[in-house]
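Residue strings, one per chain:
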Amino acid sequence: MIGTTEVKADLVRRIGAIEWRGGPRGVAVEVDRIRAIASAHRMLPAVKVAHMLEGALARGEHGALVHGWLAMLQEAVACERQDEAASAAFAAACSVRFAA
């Protein structure tokens, strides 16, 4: 079985590899894959931020703002706590930072 450290490293690599050249649809597909992996490993903050990022992309957000969302997603992946309280804290931080 893959350990949490390896999963986190894989997710950080995937986030870093996301490029805007594929347009919002390409970014959304990659974020969906990241969300699915995080969900399978009960990484609740990453799941929450990925879900919120998907919503931002659906609203048409792009460019530098998406890079901010991706940075927040990396922080959520790296978070040591993977519980509902940490997930709620990341949701609140995203709402304030990105006015989501």
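Bear in mind that the values here come from a model prediction, so they are computed numbers and not experimental data. (Residues numbered from 1 in each chain as written. Predicted model: local features only at pLDDT ≥ 70, side-chain atom pairs only at ≥ 80, totals over all residues. Heavy atoms only, no water.)

Caption draft 1: Focus on the pattern of salt bridges. Taken as a whole and judged by the stated rule, the model has seven salt bridges. The partner of arginine 81 in a salt bridge is aspartate 83, and the shortest N-O contact between them spans 3.1 Å. With relative accessibility at 44%, the residue arginine 81 sits in the partly exposed group. One salt-bridge network, held together by shared partners, links Asp10, Arg13 and Arg14. (Salt bridge = Lys/Arg side-chain N within 4 Å of Asp/Glu carboxyl O. Buried < 20%, exposed > 50% of the residue type's maximum accessible area, 1.4 Å probe, protein only.)

Caption draft 2: Seen up close, the side chain of serine 87. Residue placement: serine 87 occurs in helix α5 (residues 84-98). Accessibility expressed as a relative area gives 6% for serine 87, which makes it buried. (Helix = DSSP H or I, 4+ residues; strand = E, 2+ residues; numbered from the N terminus.)

Caption draft 3: Highlighting helix α2 (residues 23-40). Under the 1.5 Å per step criterion, the end-to-end length of α2 is 26 Å for 18 residues, consistent within 8% with the ideal 26 Å. Within α2, the full set of buried residues consists of Gly23, Val27, Ala28, Val31, Ile34 and Ala38. In a view along the axis of α2, the buried residues occupy a sector of 130 degrees, so they form one face of it. Opposite the packed face of α2, turned more than 90 degrees from it, sit the exposed residues Arg25 and Ala40. (Expected span 1.5 Å × (residues − 1). Arc of directions from axis to C-beta.)

Caption draft 4: Structural context of the confidence of the model for the protein chain. For the protein chain, per-residue confidence averages 91 on the pLDDT scale, and 97% of positions sit at 70 or higher. Ranking the helices and strands of the protein chain by mean pLDDT puts helix α3 (residues 44-58) first, with 95, and α2 last, with 92. (pLDDT = per-residue confidence, 0-100.)

Caption draft 5: Region of interest: empty space enclosed by the protein. For the structure shown, the criterion picks out one cavity of 30 Å³ or more. Approximately 40 Å³ is the volume attributed to the largest cavity. If you go around the largest cavity, the residues you meet are Ile18, Glu19, Trp20, Val27, Gly63, Val66, His67 and Leu70. When residues of the lining of the largest cavity are assigned to their parent elements, the largest contribution, three residues, is made by helix α4 (residues 64-78). Broken down by class, the residue content of the lining of the largest cavity amounts to five nonpolar, two polar and one charged. (1 Å grid on protein atoms, 1.4 Å probe; cavity = no way out; pocket = protein on both sides within 12 Å on 5 of 7 lines; lining within 4 Å. Points joined across faces, edges and corners; volume = space filled by probe spheres on them. Nonpolar A, V, L, I, M, F, W, Y, C, P; charged D, E, K, R; others polar.)

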